[in-house]
Structure formats: C-alpha cells, structure tokens
Amino acid sequence: MYDKGGNAVCSEELKLIAGENLKTVFSVHSRKEQNFSINRAYVELMQYGENIKQIDCEIDEHDIEFMLSIDEPGRYDLIVTYFIADETLKEMFKVEGIGIGEGYNAGGCDRYRR
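Just so we're clear, the structure is a prediction, and the values are computed from it rather than from any experiment. (Residues numbered from 1 in each chain as written. Predicted model: local features only at pLDDT ≥ 70, side-chain atom pairs only at ≥ 80, totals over all residues. Heavy atoms only, no water.)

S.K.: Please explain the sheet that holds strand 4 (residues 50–55) as it appears in this structure.
M.R.: Across a sheet, paired strands are connected by hydrogen bonds in the backbone, their directions being either parallel or antiparallel. As summarised here, the arrangement of the five strands in space is 1-8-7-3-4, forming an open sheet in which the pairing is mixed. The outermost strands of the open sheet, each flanked by one partner alone, are strand 1 (13–17) and strand 4. Each neighbouring strand pair of the sheet contributes to a mean axis angle of 30 degrees, computed without reference to strand direction. Strand direction decides the pairing type here: strand 3 (residues 38–47) and strand 4, joined by five bridges, are antiparallel. Of the residues in strand 4, the one forming a bridge with Gln47 is Glu50. (Pairing = 2+ DSSP bridges. Helix = DSSP H or I, 4+ residues; strand = E, 2+ residues; numbered from the N terminus. Axes fitted to C-alpha atoms, helices over the stretch in contact; angles between N-to-C directions.)

Put into structure tokens, the structure is as follows:
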C-alpha cells in the first residue's frame, strides 16, 4: 500500500495515531503481467472478528483508493476485497491504532509524510 503521493506506507502492518485520517491506495499487480480490470471492491475494518467499519473506496484502474481512520487505540484487521473476472480476492493487513503519548514507532512500515 502507498499514500497518494506514491510513498510506501507498509507491506503488511500499519500504525496510526487514533484520530488520524490517511489516504491509502492498495495497488493490484498481475504476477503473469496479464491485462485485467477490477470490477468492484470494498474495504472493511475488523476488530475481534467483528466488522466495525465499512470504508468507501474508489477504483482507479489497478488501484483501490480509500481513507483509513482509526477512532480508538487498539489492534484491527483491514480487509480489502476485490473482484476480477469470476474471482473474489481478499488481502488482510494488520492495523494498530495508538493513542497520543504511547510513543510512535512505525515498526515494519516505511511511512513518509510530506
């Protein structure tokens, strides 16, 4: 995933300060370099196996764009579901929402700000 400026955000885990609102792009690539179209997609934020937020997204060719925000500190699963031809594909990312004063360490994510 990367932010709208093209900077890498993370590979599998992302940390956000509670209250942040981050423009996020999930980019889909063909391993066989085949031409494809994403027919539709949706994004869900899960906690303890429960869907706590359905996130609106837009499809721009091979990119799925959405605004990610965490209201409360905690651990979450971000699930991106997308449809290509007759396939339904899902990707899951770990998201940690931290409170101000808890110390910020981006961990495994390369996160840059403009």
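S.K.: Would you take a moment to explain the pattern of salt bridges for this structure?
M.R.: Note on pairing: side chains with opposite charge can pair once their charged atoms come close. Under the definition given, this model contains five salt bridges. Across the salt bridge formed by Glu96 and Lys15, the nearest N and O atoms sit 3.7 Å from each other. In this pair, Glu96 sits in strand 8 (residues 87–98) while Lys15 sits in strand 1, placing the two residues 81 residues apart along the sequence. (Salt bridge = Lys/Arg side-chain N within 4 Å of Asp/Glu carboxyl O.)

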